[in-house]
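A structural walkthrough
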Amino acid sequence: MVGLLAVTLLGCLVLWVANTYRKLRRHIERAKETGLPYIVAHLTVFTLKWIPVAKNWEWVTFIDRTLSWKTLRAAEEKYGDTYLIITPRLSYLKTSNAELGMQIMNRRNDFLKPVAKYKIVDMFGQSILTSEGQEWKRHRKIVGPSFSEKSNKMVFEESLRQAEGMVNLWATQGESTRADLRVENAHDGAAMLSLHVISAAGFGVPQSWPNENEEGKGIPGFSTHRFVGGHTMGLKEALVGLLRNILWFAALSPTFLKLSPFKVHQKTYTYFHECKTYFEELLALKKKQIYLGESEKGTMDLMGPMIKASTEAPLDFKIPGSSPSSSLTKEEIIGNSFIFLFAGHETSANSIHFSMIYLAAYPHTQRAMQADIDSIIPDDKPISEWSYYADMPRLYNSMVGAVLNEQMRLVPAIPNIPKETEGDQLVSVDGRQFTIPDQMFVHVNVIGTNRNPRYWDRRPSKISGKDHDMDDFVPERWLPTGKDVVEENVGEADGLESTSFETSTSSSLHKPPKGAFVSFSEGPRACPGRRFAQVEITAVLTAIFKRYSVELDVREWASDDEVQRMGEGERRALYERARESAMGKVRRCEQVITLQMSGGEHVPLRFVERGKERFKGLF
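In this report, the structure presented in the accompanying data block is examined.

Counting buried residues in strand β10 (residues 548–552) gives five out of five residues, a clear majority hidden from the surface. Of the two faces of β10, the one lined by Tyr548, Val550 and Leu552 and the one lined by Ser549 and Glu551 are each fully buried. Strand direction decides the pairing type here: β10 and strand β13 (residues 605–609), joined by five bridges, are antiparallel. Bridge pairing in β13 links valine 550 to phenylalanine 607.

Structure follows, in C-alpha cells:
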C-alpha cells in the first residue's frame, strides 16, 4: 500500500515537472520571437521561499514583484530598458522606455488594464479604477467632468484651511508649542489632512480636527463624533480603519470576515459595514438635495453627477438621453465614491509626507523653496487672501512645484503600471519594430522610467558617485530654463480640462519627454485626480513652509541641551547621521497598495518657526 502511494506521488510529481517544463519552453519560444533580452525563472517566487540558497540566485531578484523599487534600475543596467521575464506560469514584459511606455498607455484597446488584479478595492461596487472597455468609458464620461478648473479652486482653498488645522493640532500634542512642533509621524497628520480635503471639497462633508469645536459643523456621524442611526463610529474612523485592514479583502469575502472567530476579521467587517452604510446614507442625502434643488456650492459634488446619470436619479432630474446602458447603478456610485476617498487622499498624503522628509534632509533645497514662496506670497498677506488664480500658477512653476514633482519622480505612489495585451501588438522602439504576443502581461516600470538618465540632463551624482544623479533629490532639474516653449493643450492627451497653473511657457516647469515622467500615468487612463493632487500638495507645502522650517528630529542621538553645546562640525556630523537614517527608512518603503514606510517605521520631524532653525547654514 505504501509502495503504491509512493509510486502515485512520484507519478504526479513527474507529470507536474513535465507540464511545467512544457509551459516554460513555450514561453521561451515566444520570448525569442520578440528579439528582446529575457530572464528565465525556472521556479515561482512561492516555491523559492522554501529553498534557502535561492536568495543567492540573480534571477530570483529579477522576478520579485517589488524589483522596481528594491533594486531600482539594476535589471535595466544589465538587460536594457525593455526585457522579458519568463516563468512556467507566465511571461511578462517590463519596460522603462518612454517611447514604448507611451504606446502601451495610449493604445487603450490594445493594452488592457488587468482589472481582476484590482478586485481588492471593488468591495462596494465597480468603479472607474476597476473597469475596462465600454464599462470604463461609461464611468469616465460621468465622473470626469467633476475634475475641472473650478474644482481646483475649491481644492486650493480647502487645502489651505486644512493645513492650518493640522498645524494647530500638532501644536497641542506632546511637547510641542506653536513655535516648535515635534511630530513623531507626519504621515498620520498628512493622511488626515488629505482625507479632510477630499471629504469637504469632493463630497461637501466638512471634517473637524480632534482639537476643534464640532458644534454646528458638518453632518452628525459624517463630520462629527456624534453618531446617529445606529452607527458605532464616525465615517472618518470607519474609512481609516478599513484602509488599514484592506489587504484582508484580497483573500476573504465580507461574509467570511463577518462570521470569522478572529477579532481582527470581525473588526475589519465592522469598518466595511459602517462605511457601506454611511455611503448609502450619503447617497440618499444627495438624492434629496437634488430633488429639493439644493445646489452644492463650494464643493466639486462628485456624487451629484453620478446620481443624475444613474438608475438612482429622481425621474425629473435624470440627464437627458441617459439610459440604463449609460448610467451608473447604486453599487457603482458607492464604488466610485470609495475610490475617490481612498485614492484622493492616499496619494496626496504620501507625497506631502515624503516631501517633508526630503526637505528636512536637504535644508538648502528647503531654503530655496521658501525664498520662492516669499517672492510670491508677501508676509503681510493673510492666508485667507491667497488666490488660486493669481498665486497657484506662480507657486506651481517655482521650487514648490519642483519639489512636488521631484518627490513623485523618486517615490511614486505605485512602482508599476500593469497592462495585458489584447492580441499580438506591433510596437516601435528606437526605430525597431517587434511584436508583443497576445495575453502577455506588461509592466510600465514607473520608478525605472522616472529615473532613466536617458531622458534628463546628465549630471554626476554628488552623493552616490554615479555618472548621473537620477537617484538623488534634485528639484532644481525641474526649474524653468527660460527657453521659449511651444504652447500646447495640456489637457488634450489625458482628456482632462486644461488648467491655469500647468502651462507650457518659458516660465513653466521643465517638461521631460513624453512618457519619461509617469507617476500619474499617461494617455486616456491617466489619473483623473492628478490636478486635484497637484493643487492640494502645492497649497499645503506653501502654507506650512511660509511660516515654518522642518528639521530632522535628532533626539534619538542627542538631547536639545547636547545639541546646544555642540560645535559646527559636531552638529553637521549629527545631522548627517539623522539624514542617513531617514533616507534608509525611505529606501525600505514597501508596497501595500501604494509605497509606504515599512511596518512601524517613521521619521520624526520638528517644525520650527523660521529664523529659529538649529542646523541652518551647515548644508
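Residues Leu10, Leu13, Val14, Trp16 and Val17 make up a contiguous nonpolar surface patch of roughly 500 Å² in combined accessible area. The residue valine 14 is located in helix α1 (residues 2–34) in this model.

The next thing to look at is the sheet that holds strand β5 (residues 180–183). Across the sheet, three strands lie side by side as β5-β13-β10; this open sheet has antiparallel pairing. In the strand order of this sheet, the two ends are held by β5 and β10, each with one partner. Going across the sheet, the axis of each strand differs from the next one's by a mean of 20°, ignoring polarity. Along the sheet face, helix α19 (residues 530–547) touches β10 and β13 and points at about 90° away from the line of β10.

In this section: helix α8 (residues 149–170). Taking 1.5 Å per residue as the helical rise, α8 with its 22 residues ought to reach 32 Å, and the 32 Å between its terminal C-alpha atoms agrees with that figure. The element α8 is largely enclosed, with a buried count of 16 among its 22 residues.

Grouped together as the largest cluster of nonpolar side chains are 135 residues, with contacts concentrated most on Phe338 and Phe607. No other element matches the 16 residues that helix α14 (residues 330–361) contributes to this core. Among the nonpolar cores identified, the runner-up in size contains 23 residues, and Ala31, Ile104, Phe111 and Val518 belong to it.

This part is about unusual backbone geometry. For aspartate 430, which is not a glycine, the phi torsion comes out positive at approximately 55°. Relative to the helices and strands, aspartate 430 resides in the loop between β7 (425–429) and β8 (432–436). Looking at aspartate 430, the relative accessible area reads 48%, which means it is partly exposed. Positive phi is not limited to glycine here, since glutamine 439 has a value of about 60°. Structurally, glutamine 439 can be placed in the loop between β8 and β9 (441–445).

All right, on to the environment of glutamine 425 then. Tracing the backbone shows glutamine 425 in strand β7. Judged by its relative accessible area of 6%, glutamine 425 is buried. With 14 residues separating them along the chain, glutamine 425 and glutamine 439 place their C-alpha atoms 9.9 Å apart. For glutamine 425, the side chain forms a polar contact with the main-chain oxygen of glutamate 422, separated by 2.6 Å.

According to the stated counting rule, one finds 17 aromatic pairs in the structure shown. Pairing tyrosine 79 with tyrosine 83 gives two aromatic rings, centres 6.2 Å apart and planes at 40°, and the pair type is tilted. Residue tyrosine 79 is classed as partly exposed on the basis of its relative accessible area, which comes to 22%. Aromatic side chains tryptophan 456 and tryptophan 478 sit 5.1 Å apart centroid to centroid with 70° between the ring planes, which places their arrangement in the edge-to-face category. Taken as a pair, tryptophan 456 in the loop between α18 (446–450) and α19 and tryptophan 478 in the loop between α18 and α19 lie far apart in primary sequence, 22 residues in all. Neither residue differs from the other here; tryptophan 456 and tryptophan 478 are each classed as buried.

It is worth spelling out the layout of surface pockets at this point. One number sums up the size of the second largest pocket: a volume of about 1,200 Å³. For the lining of the second largest pocket, the elements supplying multiple residues, two or more each, are α8, β5, α9 (186–203), α10 (235–244), α14 and β12 (595–596). A breakdown of the residues in the lining of the second largest pocket according to their chemical character gives 21 nonpolar, 20 polar and nine charged.

Quick look at empty space enclosed by the protein now. A probe as big as a water molecule, rolled over the atoms, marks out the empty space that is left. Counted according to the given criterion, the structure contains five cavities of 30 Å³ or more. Estimates place the volume of the largest cavity at around 120 Å³. In terms of lining residues, the largest cavity is bounded by Pro363, Gln366, Arg367, Gln370, Ser549, Val550, Glu551, Tyr575, Glu613, Phe615 and Lys616. Put simply, the parts of the chain that give the lining of the largest cavity at least two residues each are α15 (363–376) and β10.

Looking now at the side chain of serine 461. Considering the arrangement of structural elements, one finds serine 461 in the loop between α18 and α19. Taking relative accessible area as the criterion, serine 461 reaches 11% and is therefore assigned buried. Discounting chain neighbours no more than four positions away, the residues touching serine 461 are Lys466, His468, Asp469 and Asp472.

On the surface, Glu33, Glu420, Glu422, Asp424 and Asp438 cluster together to form a negatively charged patch. Given the relative accessible area of 48%, glutamate 422 is considered partly exposed.

Where helix α17 (residues 399–410) meets α19, the axes come as close as 10 Å, and the angle between the chain directions of the two elements is 120°. As summarised for this structure, α17 and α19 are arranged oblique, according to the angle between their axes. α17 and α19 meet at a crossing whose hand is right-handed. Residues Val400, Val403, Leu404 and Met408 of α17 lie in contact with α19, whose contacting residues are Gln534, Ile537, Thr538, Leu541 and Thr542. Residue composition of the contact of α17 with α19, grouped by class: six nonpolar, three polar and no charged.

Conventions used here
Residues numbered from 1 in each chain as written. Predicted model: local features only at pLDDT ≥ 70, side-chain atom pairs only at ≥ 80, totals over all residues. Heavy atoms only, no water. Buried < 20%, exposed > 50% of the residue type's maximum accessible area, 1.4 Å probe, protein only. Helix = DSSP H or I, 4+ residues; strand = E, 2+ residues; numbered from the N terminus. Pairing = 2+ DSSP bridges. Patch = residues over 30% accessible without salt bridge, like charges linked within 9 Å, V, L, I, M, F, W, Y side chains within 5 Å. Areas by Shrake-Rupley, 256 points an atom, 1.4 Å probe, with all protein chains shown as cover. Salt bridge = Lys/Arg side-chain N within 4 Å of Asp/Glu carboxyl O. Axes fitted to C-alpha atoms, helices over the stretch in contact; angles between N-to-C directions. Contact = heavy atoms within 4.5 Å. Expected span 1.5 Å × (residues − 1). Core = buried A, V, L, I, M, F, W, Y, C linked by side-chain atoms within 4.5 Å. Polar contact = N/O pair within 3.5 Å; in protein donor to acceptor, adjacent residues only side chain to side chain. Phe/Tyr/Trp six-rings, centres within 6.5 Å; stacked < 30°, edge-to-face > 60°. 1 Å grid on protein atoms, 1.4 Å probe; cavity = no way out; pocket = protein on both sides within 12 Å on 5 of 7 lines; lining within 4 Å. Points joined across faces, edges and corners; volume = space filled by probe spheres on them. Nonpolar A, V, L, I, M, F, W, Y, C, P; charged D, E, K, R; others polar. Lys, Arg positive; Asp, Glu negative; His and termini not counted. Charge placed at Lys NZ, Arg CZ, Asp CG, Glu CD. Parallel < 35°, antiparallel > 145°, perpendicular 65-115°, else oblique. Left-handed = near helix turned anticlockwise from the far one by under 90°.

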